[in-house]
Amino acid sequence: MKSFSFKSLVKLFLFFFSLIILLLVVFGVSYYTIDKIQKKNNLMDIEEYSPISTLVVPSNPKTRSKFPFIDVHSHHWNMPIMDLENLTQEMDSLNMVFQINLSGSGLAVFSGNQELMNLNLSKSINNVKDNFPERFGVFVNVDLSKIGRKNFREDTEKNLENAAKLGAIGLKIYKNLGLNLKDGKGNRVKVDDDRLQFIWEKCAELGFPVLIHSGEPIAFFDDVDKFNERWLHARQRPSSFRPSDKYPSFDEVMSEQYNMFKKNPNTIFINAHLGWYGNNLEKLDYQLNDLPNVYTEFGAVINELGRQPVSARKFFIEHQDRILFGKDNYNKEEYYLYFQVLETNDEYIEYFRKRHGLWRLYGLNLPDSILKKVYHENALKIFPSINSNLFK
């Protein structure tokens with residue numbers, strides 16, 4: 001009986017092993033055949049298609065900004081232990097005088113570990129104070145997942161006050177507010193939820209500008225099909241998209257944010273990523289005209305400005321006192337394109353990330369007076385702790 005069982009086991013193993021080998025051969029032959037057919041018929045994936053332009057036009061790439069600048073939108077999750085000297089040297093090469101790390105409380109904000117958040121913030125600020133106190137600013141973050149709990153307001157106000165005492169210079173609100181943040185009853189927390197009103201009032205009291213990221217690009221809420229201009233993004237980062245059966249609409253989230261801005265005229269807000277209205281500057285123009293307490297920045301959306309140079313230049317001229325320089329995720333070489341779009345009148349500039357849009361960019365050729373405002377003068381108005389002498 002044992003001998004029979006062992007032989008049966010061996011036969012079963014050989015059967016499955018042979019089946020696997022057969023499947024691998026079939027798949028291999030199929031893949032090889034498909035590849036040959038595609039090459040024969042000149043077929044390729046959209047990610048492979050990278051044409052070299054034959055257009056001959058002047059090009060003026062930039063590796064350093066024309067005027068010293070402040071980056072109000074950056075993220076350094078390891079700032080408590082980061083070697084700031086290396087980063088400062090890169091900043092010097094870019095002509096970046098000051099950088100704001102919005103992630104002061106670290107990744108712990110997403111797990112709700114307040115003790116770890118406090119530790120991350122204090123160590124980040126101490127690292128800055130001990131090494132380059134005039135080159136970096138740190139924002140605090142708050143754990144909104146505890147909304148509705150007994151001590152939520154008391155604890156949050158205390159955390160904001162302690163952050164100010166430590167040396168934090170503002171508050172960053174992440175995009176989960178309004179999208180997928182739920183309260184204790186499982187209800188979506190809206191951007192203009194009354195239970196958060198005390199936070200905006202406390203920030204006004206502390207002199208904290210609030211940089212807030214609400215929603216996503218409007219295309220992320222649309223159907224993922226051949227008509228969606230961010231289809232490639234959906235393919236590479238499918239979790240970025242917001243299907244209607246799981247999320248509120250783009251207009252709903254943006255309306256909530258607008259209401260919150262409107263209700264808090266004494267609080268300074270920085271609407272991140274052009275408020276995701278980079279593709280609709282007329283809408284953003286209306287909001288800035290109606291909301292004197294709101295600024296905006298163009299982190300990760302320079303590609304939206306560069307594809308509409310006439311409209312974008314007009315927008316910058318009209319709102320030259322309300323636009324800040326922001327980049328988002330730090331990458332030294334990616335700043336070069338920002339400088340080129342803002343400072344030159346170059347045409348058909350290739351963007352560095354295909355999934356952000358399959359189009360080329362054009363320079364805005366902004367006047368020096370506006371460049372200075374965007375690069376540092378506007379930020380100095382709302383961040384008085386930054387040493388303005390560094391920009392003279």
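Analysis parameters
- Residues numbered from 1 in each chain as written.
- Predicted model: local features only at pLDDT ≥ 70, side-chain atom pairs only at ≥ 80, totals over all residues.
- Heavy atoms only, no water.
- Helix = DSSP H or I, 4+ residues; strand = E, 2+ residues; numbered from the N terminus.
- Buried < 20%, exposed > 50% of the residue type's maximum accessible area, 1.4 Å probe, protein only.
- Axes fitted to C-alpha atoms, helices over the stretch in contact; angles between N-to-C directions.
- Parallel < 35°, antiparallel > 145°, perpendicular 65-115°, else oblique.
- Contact = heavy atoms within 4.5 Å.
- Nonpolar A, V, L, I, M, F, W, Y, C, P; charged D, E, K, R; others polar.
- Expected span 1.5 Å × (residues − 1).
- Arc of directions from axis to C-beta.

Turning our eyes to something else, we now look at the environment of Asp-222. Positionally, Asp-222 belongs in the loop between β5 (210-212) and α6 (231-236). We classify Asp-222 as partly exposed; its relative accessible area is 44%. As for Asp-222 and Pro-384, which are separated by 162 residues in sequence, their C-alpha atoms are 41 Å apart.

Positive phi, normally seen in glycine, also occurs at Asn-95, with a value near 75 degrees. Take Asn-95: it is sitting in the loop between α2 (84-94) and β2 (96-101). Taking the relative accessible area as the measure of exposure, Asn-95 reaches 13% and is therefore buried. The phi dihedral of Ala-300 falls on the positive side, at around 65 degrees, and the residue is not glycine. Topologically, Ala-300 is positioned in the loop between β7 (294-297) and α9 (302-306).

Before going further, it helps to examine the packing of helix α8 (residues 281-290) against helix α10 (residues 309-318). Here α8 crosses α10 at 5 degrees, and the two axes come no closer than 11 Å. Accordingly, the angle class assigned to the pair α8 and α10 is roughly parallel. Residues Leu-281, Leu-284, Asp-285 and Leu-288 of α8 form the contact with α10, whose participating residues are Ser-311, Ala-312, Phe-315 and Glu-318. Along the lines of polarity and charge, the residues of the contact of α8 with α10 split into five nonpolar, one polar and two charged.

The next thing to look at is helix α4 (residues 152-166). If you check α4, its first and last C-alpha atoms are 21 Å apart, about what 15 residues at 1.5 Å a residue would give, namely 21 Å. Taken residue by residue, α4 has Phe-152, Thr-156, Glu-157, Asn-159, Leu-160 and Ala-163 as its buried positions. Considered in projection along α4, the buried side chains sweep an arc of 160 degrees and stay on one side of the axis. Facing away from the buried side of α4 by more than 90 degrees, the exposed set consists of Glu-154 and Lys-165. Turning to α4, the residues buried within the fold contact α3 (114-131), β3 (136-140), β4 (170-173) and α5 (197-206). Positioned one or two residues after α4, Gly-167 has a phi angle of 125 degrees, which is positive.

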